[in-house]
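These are the residues of each chain, in order.
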Amino acid sequence: MAGLKTASGDYIDASWELSVAVEELGPEAEPLTLRVTGDVHIGGVMLQIVDKIKVKQNWSDHALWWEQKKLWLLKTNWTLDKYGLQADARLRYTPQHKPVRLQLPNRRMIRVHASFSEPVFRAVAGICRVLSIRHAEELSLLRAPEEKDKKKRKGPVLGTEDDFDLSGVVLPASAEQQPFRGMPAHFSDSPATEACYRMLSVSWTGLSPEHVLKMPRPSNLVEKAQINSRWLSSSRSLMQQDVRENEQLWLRFKYYSFFDLEPKYDVVRITQLYEQARWAVLLEETESTEEEMMVFAALQYHINKLSLSADPTEPAGEQGMDDLDSALSNLQVKLEGGTSTSDMLENLTTIPELKDNLRIFRPRKLTLKGYKQHWVVFKETSISYYKSQEEALGEPVQQLNLKGCEVVPDVNISGQKFCIKLLVPSPEGMSEVYLRCEDEQQYARWMAGCRLAAKGRTMADSTYQSEVQNILSFLQLQRASPDTPAAPDAEAMGTQWLVSPRYQKKFKPKQLTPRILEAHQNVAQLSLTEAKMRFIQAWQSLPDFGISYFVVRFKGSRKDEILGIANNRLIRIDLAVGDVVKTWRYSNMRQWNVNWDIRQVAIEFDEHINVAFSSVSAGCNIVHEYIGGYIFLSTRSTDKGRGLDEELFYKLTGGHEAL
């Protein structure tokens, strides 16, 4: 655009010079200078740039980036005046999609093209479509730890090289994932992409004890909290958060709320979820007992054996027919009328109760008294206990309302110890009560009831029986088999990498191998997918599964404490000893907001309970996004036709940044 010049060569109209750097011209090239006026629209500026460059290529992915404002100028019909652009603006003409190096949950590295201009929430969705992972809303990106933060390590380290490259794969947003030769079609383009699909969908079998020992692992709650300071904001773009082209990021499951896991469609998702669970157990991010660790080791050993010969492109047998037969037989039972109408009505109106003799222990200061036998009645969401069955018509010794309580298993199979630790909310904090059951069956019934009651649900809930069965099957996995035939390949494969460093130090390989093989007898019949699902379910059964930790300072307190954020509750934890001080459930939350000026989160619960805290270990927005993210995920529907409400996600998680 030419302006009017005077005889001396000066411009006398409203035009001015705009400087634009073009990446394709190289880092040493001088920026282009364009003469523009404020009423020129962004699309017109980009046309001028392409005309001046005189390089023939596809420029459709390019856009203008305003460096000082950290802003993409994506509204091409807006004028420079509308954006507030002046002559001092530094613009860059750059691709919106750039390659990044991702460390996956299985600790392998892969290069992919990611959107640098859309919010991270949408960028992750694009990455997950390329990787063939459904429900991308459960995952997000973290910055890799800086080199100075990593401890100096010798020996082999996983995830330090780009083993795989999918940066050439670009899928249109509307494309359906069509399978071809047993895998998503874009993986069948070349031997390299096929190898990539195998890496994504089959667990790596080349681990050694050194791999586990050399990995950095958190030694306390503060170190666990530091990991969560590295999450990227989901409502801002990668470019706005200073992520560079080819930078290393971590892709992880962020929200421990796994929706609609379906082996038929989720081959990669289940494998990567299993891998994240496996590393959480091996690196002691999630605590487990010795017996539980042997179950995890046996499942890993089994998965490792099957993975050596696994072909991810083969369908899992006649699973579809099995599902159909199962559905038909269920339908037949319903049609034949397994229960009468009167029984059904009674089931609808009668809430099951539990009544048993249990031993109860209430820890108190300055007392050494142990467990006492009581007659215990579990009705709706409350437990009442009496000195004897005869006194059950009168007043109980105590009644406990379990709604909002913490339920922690305390089990030792070999010692025949089946305890349930209850942390019940009270005005003074959390009061501690232990219930000791006689055997597995009694424990499973009471444990399932307690877990439901903690969520405000009764034993009339449809999930009660399946919860009882899940508990029993997990206990069964921990039970030793008397006759364990020797497996010569166990020694060859090595078993020390199957357990966390704590147990590597505690047991010699000769002690470890027989114990793992003993536990393996209980899982030897499982298919590869079943074993991975069983591992994930066992991980979900651990007391501190799915809790993300933050160091915070509560309003009115003079010391730092830990805030645990789970999929259904917030947990206040004593930093010094790790004890739960208080629990608040999302179901009782009325509202929450952030005071961005003083970086404080304030939450109001039912009964006028107000909680406020500032975050010490991470940005206030990360804590805010975690809470909002879990509330958003609870709104998901099983209706396949209903997509995600992306705007609701930004509204719940982004605060003022999203608006």
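Placed above this text is the structure.
Every value quoted in this text rests on a predicted model; they were computed, and no experiment measured them.

Asks: Pulling in residues and values, what's your account of the pairing of strand S26 (residues 609-615)?
Replies: Across three bridges, the pairing between strand S20 (residues 548-554) and S26 is antiparallel. Paired with Phe554 across the strands is Phe613, a residue of S26. Looking at chain direction, strand S25 (residues 600-605) and S26 are connected through six bridges and run antiparallel. Bridge assignment links Val601 to a residue of S26, and that residue is Phe613. Taking the residues that link successive antiparallel strands as the turn, the S25-S26 hairpin has three residues, and the phi of Glu607 there is positive, at about 60°.

Asks: Quick rundown of the packing of helix H7 (residues 267-282) against helix H16 (residues 528-540)? Include the residues and the values.
Replies: At a minimum axis distance of 9 Å, the contact between H7 and H16 shows a crossing angle of 45°. Classified by the angle between their axes, H7 and H16 sit oblique to one another. Judged by the sense of rotation from one axis to the other, the crossing of H7 with H16 is left-handed. Touching Ile270, Thr271, Leu273, Tyr274, Ala277, Arg278, Ala280 and Val281 of H7 are Lys532, Met533, Phe535, Ile536 and Trp539, all from H16. Split into classes, the residues belonging to the contact of H7 with H16 amount to 10 nonpolar, one polar and two charged.

Asks: Tell me about the sheet that holds strand S8 (residues 139-143), and please be specific about residues and values.
Replies: Judged by pairing direction, the sheet is mixed, and its five strands sit side by side in the order S8-S12-S6-S7-S9 without closing on themselves. Edge positions in the open sheet fall to S8 and strand S9 (164-165), since each of these has one partner strand only. Pairing of strand S7 (residues 109-115) with S9 involves two bridges; the strand directions are parallel. Each residue of the ladder has a partner; that of Ile110, found in S9, is Phe164.

Asks: Can you explain the pairing of strand S14 (residues 372-379)? Please cite residues and give values.
Replies: Of the pairings in the sheet, the one linking strand S13 (residues 354-361) to S14 comprises seven bridges and is antiparallel in character. Its bridge partner lying in S14, Leu354 is registered against Phe378. Bridge count for S14 against strand S15 (residues 382-386) is five bridges, and the pairing is antiparallel. Each residue of the ladder has a partner; that of Lys379, found in S15, is Ser382. As consecutive antiparallel partners, S14 and S15 are separated by two residues, and within that stretch Glu380 has a phi angle of approximately 55°, a positive value.

Asks: An account of the environment of Gln521 is requested, with residue identities and associated values reported.
Replies: For Gln521, the location among the structural elements is in the loop between helix H15 (509-520) and H16. With 42 residues separating them in the primary sequence, Gln521 and Arg479 have C-alpha atoms 9.8 Å apart.

Asks: Lay out the sheet that holds S26 in plain terms, naming residues and giving numbers.
Replies: As summarised here, the arrangement of the seven strands in space is S23-S22-S21-S20-S26-S25-S24, forming an open sheet in which the pairing is antiparallel. Two strands bound the open sheet, and with one partner strand each, they are strand S23 (580-585) and strand S24 (589-595). Averaged over all adjacent pairs, the angle separating strand axes in this sheet is 30°, with direction ignored. As paired elements, S20 and strand S21 (residues 561-565) share five bridges and run antiparallel to each other. Bridge pairing in S21 links Val552 to Glu561.

Asks: Outline the side chain of Gln600, supporting the account with residue identities and numerical values.
Replies: By the secondary structure assignment, Gln600 is in strand S25. When its relative accessible area of 18% is taken as the criterion, Gln600 is described as buried. The contact partners of Gln600, leaving out residues within four places of it in the chain, are Lys555, Asn593, Val594, Asn595, Ala612, Phe613, Ser614 and Cys620.

Asks: Help me get a handle on helix H12 (residues 464-478), residues and values and all.
Replies: Given a rise of 1.5 Å per residue, 15 residues ought to cover 21 Å, and the 22 Å separating the end C-alpha atoms of H12 matches this to within 8%. What H12 keeps buried is the set Tyr464, Val468, Ile471, Leu472, Phe474, Leu475, Leu477 and Gln478. On its buried side, H12 packs onto helix H8 (290-307), S13, strand S17 (406-412), helix H11 (440-454) and H16.

Asks: Now, about the pattern of salt bridges: what can you tell me, with residues and values included?
Replies: Tallied over the full model, the rule gives 34 salt bridges. Here Lys355 makes a salt bridge to Glu353, at a shortest N to O gap of 3.8 Å. Note that Glu561 and Arg572 form a salt bridge whose closest N and O atoms lie 2.8 Å from each other. Taken together, the positions of Glu561 in strand S21 and Arg572 in strand S22 (residues 569-573) put the pair 11 residues apart, joining distant regions of the chain. A relative accessible area of 21% places Arg572 in the partly exposed class. Linked through salt bridges whose partners overlap, the residues forming this network are Arg134, Glu137, Glu138, Asp260, Asp266, Arg269 and Arg636.

Asks: Describe in detail the nonpolar core, supporting the description with residues and values.
Replies: Counting 120 residues, the largest nonpolar core has Ile110, Leu131, Leu141, Trp539, Ile565, Leu570 and Ile627 as its most contacted members. Beyond its immediate stretch of four places on either side in the chain, Ile565 contacts Gly546, Ile547, Ser548, Phe550, Leu570, Tyr586, Val623, Tyr626, Ile627 and Tyr630. Counting residues in hydrophobic clusters, the runner-up holds 35 residues, among them Val411, Val424, Val468 and Leu475.

Asks: Describe the packing of H11 against H12, with residues and values.
Replies: Viewed as axis vectors pointing N to C, H11 and H12 meet at an angle of 130°, and their least axial separation amounts to 9 Å. In this view, H11 runs oblique relative to H12, as classed from their interaxial angle. Considering the relative orientation of H11 and H12, their crossing is right-handed. Every residue of H12 that contacts H11 at Glu440, Gln441, Tyr443, Ala444, Arg445, Met447, Ala448, Gly449, Arg451 and Leu452 is listed here: Tyr464, Glu467, Val468, Ile471, Leu472 and Leu475.

Asks: I'd like to hear about unusual backbone geometry, residue by residue, with values.
Replies: Here Lys54, not a glycine, exhibits a phi torsion of approximately 60°, which is positive. Position of Lys54 relative to the elements: it lies in the loop between helix H1 (42-53) and strand S3 (62-66).

Asks: Go over the packing of aromatic side chains with me, naming the residues and quoting the values.
Replies: The geometry of an aromatic ring pair is captured by the separation of the ring centres together with the interplanar angle, meaning the angle of the planes. Tallied over the entire structure, the rule returns 31 aromatic pairs. Measuring from ring centre to ring centre gives 4.2 Å for Phe121 and Phe649, while their planes differ by 25°; the resulting arrangement is stacked. Here Phe649 lies in helix H18 (residues 646-653) and Phe121 lies in helix H3 (residues 120-131), a separation of 528 residues in the sequence. Aromatic pair Phe296 and Phe535: ring centres 4.8 Å apart, planes at 55°, arrangement tilted. Taken together, the positions of Phe296 in helix H8 and Phe535 in helix H16 put the pair 239 residues apart, joining distant regions of the chain. Accessibility expressed as a relative area gives 0% for Phe296, which makes it buried. Each member of the aromatic cluster is reached from another via a ring pair, and the members are Trp231, Tyr255, Phe550, Tyr586, Tyr626 and Tyr630. Sitting above the plane of the Tyr371 ring, Arg436 keeps its charged end 5.9 Å from the centroid.

About the cut-offs
- Residues numbered from 1 in each chain as written.
- Predicted model: local features only at pLDDT ≥ 70, side-chain atom pairs only at ≥ 80, totals over all residues.
- Heavy atoms only, no water.
- Pairing = 2+ DSSP bridges.
- Helix = DSSP H or I, 4+ residues; strand = E, 2+ residues; numbered from the N terminus.
- Axes fitted to C-alpha atoms, helices over the stretch in contact; angles between N-to-C directions.
- Parallel < 35°, antiparallel > 145°, perpendicular 65-115°, else oblique.
- Left-handed = near helix turned anticlockwise from the far one by under 90°.
- Contact = heavy atoms within 4.5 Å.
- Nonpolar A, V, L, I, M, F, W, Y, C, P; charged D, E, K, R; others polar.
- Buried < 20%, exposed > 50% of the residue type's maximum accessible area, 1.4 Å probe, protein only.
- Expected span 1.5 Å × (residues − 1).
- Salt bridge = Lys/Arg side-chain N within 4 Å of Asp/Glu carboxyl O.
- Core = buried A, V, L, I, M, F, W, Y, C linked by side-chain atoms within 4.5 Å.
- Phe/Tyr/Trp six-rings, centres within 6.5 Å; stacked < 30°, edge-to-face > 60°.
- Lys NZ or Arg CZ within 6 Å of the ring centre and 35° of its normal.

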